[in-house]
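Examination of the molecular architecture
Residue-level listing of the chains:
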Amino acid sequence: MAIAGRVTRRQLVMESLRRYWFKFSRSKLSVVGLAISLSTIVIAVFAEYLAPYPEHAGFYISFEDALQPPSWEHPFGTDEYGRDVFSRVLFGFRFSLKLAGVVLSIVIPVGVLLGLVAGYYRGRILDMAIMRVADIFIAVPPLVLALAITSLLGPSLVNAMIAVTLMWWPWYTRLTYNVVSSVRNEPFVIAAELAGAKPLRVMFREILPVIVGPILTKATLDVGWVILIGAALSFVGLGAQPPTPDLGTMVAEGIKYMPEYWWISIFPALAIAYIILGFNLLGDGVRDMFTE
Amino acid sequence: MRMAQYILRRVVFAVFTLFGLSVIIFVMARVLPGDPARMAAGPRAPEWVVEQIREQLNLDKPLHVQYFLWLRDVFNGDLGYSIFTKRSVTQDVIEYLPASLELIAVAAVFQILGAFALGVLAGMYAYRWVDNAIRLFAYIGISIPAFGWAVIFQLVFAWKLDLFPVQGMLSVEAPERITGFVTIDSLITGRFDAFTDFLKHAVLPAMALAIGPMAQEARLIRSGMIDNRYKDYILLMESHGVPKRKLMFKYLLKPSAIPAVTVMGMDIASLLGNAFLVEIVFNWPGFSRYAISVMLNKDLNAIVAVVMVIGVIFIIANIIVDIIAAYLDPRIRYVERGE
């Protein structure tokens, strides 16, 4: 019960949330992006309930149903083993999102922490060591390094995750480093230091909040890009192996049946595009939220 | 003078980065599980043969010795022996790299022309229907991965409409190999049929590669033009009666293009990575297809070589981009020095 003239913490939170939503929803495209991203997550979580033929996700053969064009029964047609492409695409969402979730939940904390430390101790040996190693990983196109590492580890979904994780952290380190460098000598940081705050406190209490916006923006956009890299890895045969219903694997498998049975490849490819489009639009909205 | 110093700094920096990259990838290739000597010999080869190969590949020596032996060979132009193609990796690179570079060159042309055309058009007619159409196209362009475009283009323009060849690089007899670049060789030997045939084969894969980065750069140019359109110096020139075309293309485009140009260089270098996927779809006999084959076969020397070759190309592209950006925007030169 709020007494007139006093503002509760709850009201403050609600007010700032309302402001964020206002900035976010000013662009209708961001709202579309949010809807697409949410639908992606729902599909990924409830794939076995949404898919008309959940048993087709794995190893399943029914040659009499093979290579049927899209119909009411099979909206995206069936593949060479008679499996429902629509059901497999829904399960593909799950694998893609799992990859992005695992990779980003490791990469963001590690990358941000390293960037924070390097930026705080700017010009010292620690800074040099961290940033030069990061530069090395950034020196090669991400896809090439991910491919090379996965091939050395041996092709599998887990190894693809490890490879993408290994080469993705430097981007967060670099981003954090740049932001930290720009606020390192701002009055509020100096003031905290003069007041006797320990380095850890300055890093996490004073500097970290400034980074949240850019990091959150990048993280949202990266869900799409990590999924893309993952799909690319399985597309060339280095990621998830058949019969895993991975979107990249499905595109690659379907190419053999072009052009007559185009639906085997095209629908998974469009599904990848749907996910990436969603998180791209959402990312633009998140960026709007933190500007001005 | 400033410019020369700036370039020198970048080059020194790049050399260090490449060394670091070579250490990381070399160590990874040696430390991770798997016995390359056994793989080269085959599963049923007797132990002494495997031992011999191990000696040949220096795998019996300590890791740092292996690295320095490898480094010495690299400086002599020898990237090692490939257990997949059964010959020197250097030869493989020389054979397969040109086709990829040519494909990327065509893609780069598409990308640059398309980005500027779409970006300027959208910037000039900002918030009108032209702009909206281009923005929609940009979103779609970014969202579909390069291999997705490759599959779609191949289906629509090659299989269904039959406008372009479905796959391969040449359907006529290849021109005599002089430089290894089909375009250059065909022009030298006067084989214009091979030249046009090559271009016909290159259109679809190059478009598939170019469309994503093109869309992104067009967006950057557009927003740059919108941001700068009502800056004081532009309004001043306009009020002084500078012709609109000159205003747009000389004074407005130059500062607006800087962010796009910086991204462009990186994007063109990244094409080499994306080409990995597109070359497979179009069966293009290039470096990327070779790279995938050696990766699937775990050919260590070749994998290290592939990463290093692409690293070198990427870093050179990076330096060129920085130089162009510094030329376009003098502020960069001063800031870098002033630190």
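Everything quoted here is computed from the prediction, not taken from an experiment.

Each helix and strand counted, chain B has 14 helices and two strands in total. Expressed as lengths along the three principal axes of its C-alpha atoms, the size of chain B is roughly 85 × 60 × 40 Å. Burial analysis of chain B (339 residues in total) assigns 48% to the buried set. Counted over contacts in chain B with a minimum sequence separation of 6, partners at least 24 positions apart contribute 69%. For chain B, the accessible surface area stands at approximately 16500 Å², while carbon and sulfur atoms represent 65% of it. Between the mean site of the 31 positive side-chain charges and the mean site of the 28 negative ones, chain B shows a separation of 9 Å.

As a further point, take the layout of surface pockets. Gaps left between atoms show up when a probe the size of a water molecule is rolled over them. Residues and elements named next belong to chain B. Computed from the structure, the second largest pocket encloses a volume of approximately 460 Å³. Along its surface, the second largest pocket is lined by 17 residues, and L18, V74, F75, M308 and V312 are the ones closest to its centre. Those elements that place two or more of their residues in the lining of the second largest pocket are α1 (2–31), α4 (63–75), α5 (89–124) and α13 (300–328). When its residues are assigned to classes, the lining of the second largest pocket shows 15 nonpolar, two polar and no charged.

Before going further, it helps to spend a moment on a nonpolar patch on the surface. Residues and elements named next belong to chain A. A cluster of nonpolar side chains, namely V13, M14, L17, Y20, V212, L216 and F290, defines an oily patch on the protein surface of about 570 Å² accessible area. Secondary-structure elements contributing two or more residues to the nonpolar patch are α1 (9–25) and α9 (199–235). Turning to its location among the elements, Y20 is positioned in helix α1. Looking at Y20, the relative accessible area reads 33%, which means it is partly exposed.

Where interface size is quoted, it is often the accessible area lost as the parts come together. Listed as interface residues are 44 residues of chain A and, on the opposing side, 43 residues of chain B. Taken over both partners, the interface formed by chain A and chain B buries close to 3700 Å², and the fraction arising from carbon and sulfur atoms is 84%. The interface formed by chain A and chain B holds one salt bridge in total. A salt bridge links A:D284 to B:R219; the shortest N-O distance between them is 3.2 Å. Counting the contacts that link chain A with chain B gives three residue pairs in polar contact (both at pLDDT 80 or more). Secondary structure elements with two or more residues in the side of chain A that touches chain B: α5 (125–138), α6 (142–153), α9, α10 (247–255) and α11 (263–290) of chain A. Of the residues forming the side of chain A that touches chain B, the biggest block, eleven residues, is contributed by α11(A).

All names here are of chain A. Running from amino to carboxyl end, α9 crosses α10 at an angle of 40 degrees, the nearest separation of the two axes being 7 Å. Relative to α10, the crossing made by α9 is right-handed. Touching A231, S234 and F235 of α9 are G248, T249, V251, A252 and I255, all from α10. Looking at side-chain class alone, the contact of α9 with α10 contains five nonpolar, three polar and no charged residues.

Overall, the coordinates contain 22 aromatic pairs over all chains when judged by the stated rule. Arranged with centres 5.7 Å apart and planes meeting at 80 degrees, the rings of A:W262 and A:W263 form a pair that is edge-to-face. Centroid distance B:F26 to B:W70: 5.3 Å. Interplanar angle 40 degrees. Geometry classified as tilted. With B:F26 in helix α1 and B:W70 in helix α4, the pair connects residues that are 44 residues apart, well separated along the chain. By relative accessible area, which is 9% here, B:W70 ends up buried.

Quick look at the domain arrangement of chain B now. Each assigned domain of chain B is listed here: domain 1 (2–84) and domain 2 (95–296). Put simply, the middle of domain 1 of chain B and the middle of domain 2 of chain B, counted by C-alpha atoms, are 34 Å apart.

All right, on to helix α2 (residues 28–45) of chain A then. Residue and element names in this part refer to chain A. The terminal C-alpha atoms of α2 lie 26 Å apart, and with 18 residues this matches the ideal 26 Å at 1.5 Å per residue to within 8%. By the burial criterion, the buried members of α2 are S30, G33, I36, S37, T40, I43 and A44. Buried residues along α2 cover an arc of 150 degrees about the axis, so they all sit on one side. The inward-facing, buried residues of α2 contact α1, α3 (47–50), α4 (85–120) and α11.

This part takes up the confidence of the model for chain A. Taken as a whole, chain A shows an average pLDDT of 86; of its residues, 98% reach a score of 70 or greater. Here α3(A) stands out as the least confident element of chain A, with mean pLDDT 83; α4(A) is the most confident, with 91.

Moving on to unusual backbone geometry. Residue and element names in this part refer to chain B. With phi around 55 degrees, N283 is a residue other than glycine that occupies positive phi space. With respect to the secondary-structure elements, N283 resides in the loop between α11 (244–282) and α12 (287–296). Phi at K298 takes a positive value of approximately 55 degrees, unusual for a residue other than glycine. Locating K298 in the fold gives a position in the loop between α12 and α13. The class for K298 is buried, based on a relative accessible area of 18%.

Here the focus is the nonpolar core. Side chains of a nonpolar character, in soluble globular proteins, are inclined to be buried together. In this structure, A:L147, A:I207, B:F276 and B:V306 are the most contacted members of the largest nonpolar core, which totals 160 residues. No other element matches α4(A), which puts 17 residues into this core. Those residues in contact with B:F276 that lie beyond four places of it in its chain are A:V144, A:L147, B:S288, B:A291, B:I292, B:M295, B:V306 and B:I310. Membership of the second largest hydrophobic core comes to ten residues, among which are B:M237, B:L247, B:M248 and B:L253.

The next thing to look at is the environment of A:F76. All names here are of chain A. Mapped onto the elements, F76 comes out in the loop between α3 and α4. Along the sequence, F76 and Y120 sit 44 residues apart, while their C-alpha atoms lie 53 Å from each other. With near-sequence residues (within four places) excluded, F76 lies in contact with P70, V85, F86, V89, W263 and F267.

Attention now moves to the pattern of salt bridges. Per the stated rule, a full pass over the model turns up 16 salt bridges over all chains. Among the ionic pairs, B:D73 bridges to B:R72, the shortest N-O distance being 3.8 Å.

Turning our eyes to something else, we now look at the environment of A:A100. Residue and element names in this part refer to chain A. Tracing the sequence through the fold places A100 in helix α4. The exposure class of A100 is buried, given its relative accessible area of 3%. In this structure A100 touches V223, V226 and I227, once residues within four positions along its chain are discounted.

This part covers empty space enclosed by the protein. All names here are of chain A. Per the stated rule, a full pass over the model turns up five cavities of 30 Å³ or more. In this structure, the largest cavity occupies an estimated 110 Å³ of space. Residue lining of the largest cavity: D79, E80, R83, V85, R88, P242, P243, T244, T249, M250, E253 and I264, and that is the complete set. Looking at the lining of the largest cavity, the elements with two or more residues in it are α4 and α10. Per-element accounting of the lining of the largest cavity gives the leading share, three residues, to α10. Looking at the lining of the largest cavity residue by residue, the classes come out as five nonpolar, two polar and five charged.

Calculation criteria
Residues numbered from 1 in each chain as written. Chains lettered and ligands numbered in written order. Predicted model: local features only at pLDDT ≥ 70, side-chain atom pairs only at ≥ 80, totals over all residues. Heavy atoms only, no water. Helix = DSSP H or I, 4+ residues; strand = E, 2+ residues; numbered from the N terminus. Buried < 20%, exposed > 50% of the residue type's maximum accessible area, 1.4 Å probe, protein only. Contact = heavy atoms within 4.5 Å. Areas by Shrake-Rupley, 256 points an atom, 1.4 Å probe, with all protein chains shown as cover. Lys, Arg positive; Asp, Glu negative; His and termini not counted. Charge placed at Lys NZ, Arg CZ, Asp CG, Glu CD. 1 Å grid on protein atoms, 1.4 Å probe; cavity = no way out; pocket = protein on both sides within 12 Å on 5 of 7 lines; lining within 4 Å. Points joined across faces, edges and corners; volume = space filled by probe spheres on them. Nonpolar A, V, L, I, M, F, W, Y, C, P; charged D, E, K, R; others polar. Patch = residues over 30% accessible without salt bridge, like charges linked within 9 Å, V, L, I, M, F, W, Y side chains within 5 Å. Salt bridge = Lys/Arg side-chain N within 4 Å of Asp/Glu carboxyl O. Buried area = accessible area lost by both parts, 1.4 Å probe. Polar contact = N/O pair within 3.5 Å; in protein donor to acceptor, adjacent residues only side chain to side chain. Axes fitted to C-alpha atoms, helices over the stretch in contact; angles between N-to-C directions. Left-handed = near helix turned anticlockwise from the far one by under 90°. Phe/Tyr/Trp six-rings, centres within 6.5 Å; stacked < 30°, edge-to-face > 60°. Domains from an automatic or database assignment. Expected span 1.5 Å × (residues − 1). Arc of directions from axis to C-beta. pLDDT = per-residue confidence, 0-100. Core = buried A, V, L, I, M, F, W, Y, C linked by side-chain atoms within 4.5 Å.

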